[in-house]
Amino acid sequence: MAGMLEYKCPCCDGAIKFDSTTQKLKCPYCDTEFEVDALKGYDEDLKDAKPSRMNWTTPGGGWAEGETAGLHTYACKSCGGEIVGDDTMAASACPFCGNPIVLTGQFAGDLRPDLIIPFKLDKKAAEAEFKSFISKKRFVQPDFFSQAQMEDFSGVYYPYWSCDISGEGSFDGEGTNVSIRNGAKETVTITRIFAVHREGRLTFRQMIRKALTKADGKLSDGIHPYQMEDVKPYESGYLSGFLAEKRDIEQDAAKQSMVTEAKGYAERMFTSVENPYNTLTGHAKFEPDSVKTKYLLLPAWVLTYKHRADGEPYYYMMNGQTGRICGKLPINKGKLYAIGALIGGIVFGLLCLGGAILW
């Protein structure tokens, strides 16, 4: 099934959006609110559908050669405007009428997420947190947080793989216990050597890996952790009013990475040095026998800025649930150099004055 959903208010036919404050869908025109579950029927047709390419067309006139690679367009059902996106865009808004849309083909069949954490911070709260954060950064490029730039402050659902891994682990080796006795005439060091065997069952829950190649790993990891107790079964209604990306990293690749990480954790746990041992040497192993993987969407507020001077992109990201912040900020080098020169001048003047007084 391929198509596009536009959620409409049953009372006034206005475009409705998910309200992160009330955790309900809300019409901004008549203020009608209703539960996300009320739109469950929208998703039922997608569960058994096979993933298929959207009814995209290649962008037409006005695009330079090479700019359309990986880009596609779709016509808004409300105003007929052209919506442009790449292969992984799954939810967006019409740039002309502002109506939120969900591209159903992107989350059809086995591409359908299992879980989602809805936004808890709305745009107003996210902007307030952003301005508070920026106010403490004295050398940030001013147009990075201008009002025009704030218009591009976007709420985005990013795709992740979550994994629960369980298995049996063991350790076999030697442990030493060293004790020292100080006497009047001599110091006695006693070293005891033990054969050590440890075993147990370990479970690692909710390990997370990004499922989108183009997502900046350091940036997205920087806003973790999320509070996983807020996770909900996926419903497309949560996407209305936000942007969303679909995964392009397959389950097997993410699963193998998480299994490797779990083995490392397990081996460190089994070889940890605790009383009565001062040292441990030997071999630890962990063999997973249960690996359960889920595909989920996590919320983030994102601001992108391309520096006019060097052309380098800068990013700011905020956890859409907890407000945790991570970012690479553009430095106003002119202001930085001016302040540095001023401080240097003041220090130089004080040194000259001090030298004149001493002489």
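Residues numbered from 1 in each chain as written. Predicted model: local features only at pLDDT ≥ 70, side-chain atom pairs only at ≥ 80, totals over all residues. Heavy atoms only, no water.

### A word on the side chain of Q321
Consideration 1: Here Q321 is to be found in the loop between β15 (313–319) and β16 (325–328).
Consideration 2: At 2.8 Å, the side chain of Q321 forms a polar contact with the side chain of D230.
Consideration 3: If we skip the residues at most four places from it in the chain, Q321 touches I117, K120, L121, Y226, Q227, D230 and P299. (Helix = DSSP H or I, 4+ residues; strand = E, 2+ residues; numbered from the N terminus. Polar contact = N/O pair within 3.5 Å; in protein donor to acceptor, adjacent residues only side chain to side chain. Contact = heavy atoms within 4.5 Å.)

### Some thoughts on the packing of aromatic side chains
Any aromatic ring pair is given by two values, namely how distant the centres are and how the planes are angled relative to each other.
Consideration 1: Counted by the stated rule, this structure contains 14 aromatic pairs.
Consideration 2: Ring plane angle 75° and centroid distance 4.6 Å describe the contact between F130 and Y316, whose orientation is recorded as edge-to-face. Of the two residues, F130 sits in helix α2 (residues 123–135) while Y316 sits in strand β15, which places them 186 residues apart along the sequence. Summarising the burial analysis for this pair, F130 and Y316 share the class buried.
Consideration 3: Connected via pairs of aromatic rings, a cluster forms that spans F119, F130, F153, Y157, F242, W301 and Y316.
Consideration 4: In this structure, R247 is placed above the aromatic ring of Y295, and the distance from its NZ or CZ to the ring centre is 5.1 Å. (Phe/Tyr/Trp six-rings, centres within 6.5 Å; stacked < 30°, edge-to-face > 60°. Buried < 20%, exposed > 50% of the residue type's maximum accessible area, 1.4 Å probe, protein only. Lys NZ or Arg CZ within 6 Å of the ring centre and 35° of its normal.)

### Points about helix α5 (residues 251–270)
Consideration 1: Here α5 contains 20 residues, and its C-alpha end-to-end distance of 28 Å stays within 8% of the 28 Å for a straight helix at 1.5 Å per residue.
Consideration 2: Those residues of α5 not exposed but buried are A254, M258, V259, A262, G264, A266 and F270. (Expected span 1.5 Å × (residues − 1).)

### Brief notes about the pattern of salt bridges
Consideration 1: Applying the stated criterion to the full structure yields seven salt bridges.
Consideration 2: One salt bridge in this structure joins R201 and D289, with 2.9 Å as the shortest N-O distance. Residue R201 is found in strand β11 (residues 187–210), and its partner D289 is found in strand β14 (residues 279–306); the two are separated by 88 residues along the sequence.
Consideration 3: By relative accessible area, R201 is classed as partly exposed at 44%.
Consideration 4: R247 is paired through a salt bridge with E250; the nearest N and O atoms lie 3.1 Å apart.
Consideration 5: Taking relative accessible area as the criterion, R247 reaches 7% and is therefore assigned buried.
Consideration 6: The class for E250 is partly exposed, based on a relative accessible area of 48%. (Salt bridge = Lys/Arg side-chain N within 4 Å of Asp/Glu carboxyl O.)

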